[in-house]
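Tertiary structure, described
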Amino acid sequence: TGNAGNPITGLPTVTAIDGYELAWWEPEIPENFPNEDTTYTAIFSEATYSITYHLNGGTATGSNPTDFVWGTSYITLTAPTRIGYTFSGWAYTNEGVSSSMTERVYVNNMNNINNGNLDLYALWKPNTYYIILTPHASSGGCYARVLYNSNNLAFYNYMYTSTAANATKYSN
């Protein structure tokens, strides 16, 4: 309360319910107290929270959302990539060791964590590569076959002849 024409020096403290934030006052609160009694109503809107991605050496491959609105249960994400590694999911902390959140991340009721803002950390599993050397009797060289995780997903046949110092590589 105050006298008409005097400056309004402080607004009342308004506590929003979970997932909402004060958007504006209706009508707009003036700089000075009005001449008559006036009722002001606090208008709330759904809170929007930011998302920060920590790719831990990876590279983003799509356009993942940068924020989400209160009431959202899940967000759908594109997995990042990293040479020599397989993406294994997202974690809420950098100490995460495993995660089932690879495409969909649970965000419902996140307002109690980090003021609702979300940090997501990419988890990586190192790839395993196998190199199989097969001698080639007639040339004195060998074939090198590289397998990724014991599958023929990355298959290379190279023929090396002579000594290592002056080796000739043939690929097929």
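Residues numbered from 1 in each chain as written. Predicted model: local features only at pLDDT ≥ 70, side-chain atom pairs only at ≥ 80, totals over all residues. Heavy atoms only, no water.

Some thoughts on the overall build of the protein chain
Threshold: Under the scheme used here, helices are H or I runs from DSSP no shorter than 4 residues and strands are E runs no shorter than 2 residues, and both carry numbers assigned from the N terminus. Residues count as neighbours in contact if any of their non-hydrogen atoms are within 4.5 Å of one another.
When you go through the protein chain residue by residue, the secondary structure sums to 0 helices and 12 strands. When its helices and strands are written in sequence order, the protein chain yields β-β-β-β-β-β-β-β-β-β-β-β. Here the contacts in the protein chain between residues at least 6 apart in sequence split such that 47% fall between residues at least 24 apart.

Here we look at the pairing of strand 8 (residues 118–126)
It is a general feature of regular strands that their side chains alternate between the two faces of the sheet. Which entries qualify depends on this criterion: Pairing between two strands requires that DSSP report at least two bridges joining them.
The pairing of strand 3 (residues 48–54) with strand 8 spans 4 bridges and is classified as parallel. Looking at the pairing, Tyr53 lines up with Leu120 of strand 8. In terms of strand pairing, strand 6 (residues 85–91) meets strand 8 through 6 bridges, oriented antiparallel. Directly across from Thr86, in strand 8, lies its bridge partner Lys125.

With respect to the sheet that holds strand 6
Within a sheet, each strand pairs with its neighbour through backbone hydrogen bonds, oriented either parallel or antiparallel. Keep this limit in mind: Simply put, an axis is a line fit to the C-alpha atoms, just over the touching stretch for a helix, and the angle between two N-to-C directions goes from 0 to 180 degrees.
If you walk across this open sheet you meet the 4 strands as 4-3-8-6, and the pairing is mixed. The open sheet has two edge strands, strand 4 (67–69) and strand 6, and neither has a second partner. For this sheet, the mean inter-axis angle between neighbouring strands, taken without regard to orientation, is 30°.

Observations concerning the nonpolar core
We count it as follows: In this text, buried Ala, Val, Leu, Ile, Met, Phe, Trp, Tyr and Cys residues form a nonpolar core when linked through side-chain atoms within 4.5 Å. Whether a residue is buried, partly exposed or exposed follows from its accessible area with a 1.4 Å probe, protein chains only, as a fraction of its type maximum: under 20%, in between, or over 50%, in that order.
The biggest cluster of nonpolar side chains holds 16 residues, and the ones touching the most others in it are Phe68, Ile75, Trp90, Val105, Leu118 and Leu120. Those elements giving two or more residues to this core turn out to be strand 3, strand 6 and strand 8. In contact with Val105, not counting residues within four places along its chain, are Ser73, Tyr74, Ile75, Leu77, Trp90, Tyr92 and Leu120.

Some words on the packing of aromatic side chains
Note the following rule: Here is the rule: rings of Phe, Tyr and Trp (six-membered ring for Trp) pair when centre to centre is within 6.5 Å. Planes less than 30 degrees apart are stacked, more than 60 are edge-to-face, and the remainder are tilted.
As enumerated under the stated definition, the model contains 4 aromatic pairs in all. A ring pair is formed by Tyr49 and Phe68, whose centres lie 5.6 Å apart and whose planes are at 45°; its orientation type is tilted. Of this pair, Tyr49 sits in strand 3 while Phe68 sits in strand 4, and the two are 19 residues apart along the sequence. The interplanar angle of 70° and the centroid separation of 5.5 Å between the aromatic rings of Phe87 and Trp124 together place this pair among those described as edge-to-face. Of the two residues, Phe87 is situated in strand 6 and Trp124 in strand 8; the sequence distance between them amounts to 37 residues.

Regarding the side chain of Asn127
The following threshold applies: Polar contact is defined as a pair of N or O atoms within 3.5 Å, subject to the rule that within protein one atom must be able to donate a hydrogen and the other to accept it, and that residues adjacent in sequence are counted only when both atoms are side-chain atoms.
Here Asn127 is to be found in the loop between strand 8 and strand 9 (129–136). Among the polar contacts listed, one links the side chain of Asn127 to the side chain of Thr86, at a separation of 2.5 Å.

Looking at unusual backbone geometry
In terms of backbone geometry, most residues other than glycine have negative phi values and most peptide bonds are trans. Cis geometry is found at the peptide bond from Glu26 to Pro27, where omega equals -10°. Relative to the helices and strands, Pro27 is located in the loop between strand 1 (20–26) and strand 2 (41–46). Although it is not a glycine, Asn56 adopts a positive phi angle of roughly 50°. Mapped onto the elements of the fold, Asn56 is located in the loop between strand 3 and strand 4. On the basis of relative accessibility, which here comes to 31%, the residue Asn56 falls in the partly exposed class.

Quick look at the environment of Ser50
With respect to the secondary-structure elements, Ser50 resides in strand 3. Separated by 16 residues in the primary sequence, Ser50 and Thr66 place their C-alpha atoms 5.9 Å from one another. Discounting chain neighbours no more than four positions away, the residues touching Ser50 are Thr66, Asp67, Phe68, Asn117 and Leu118.

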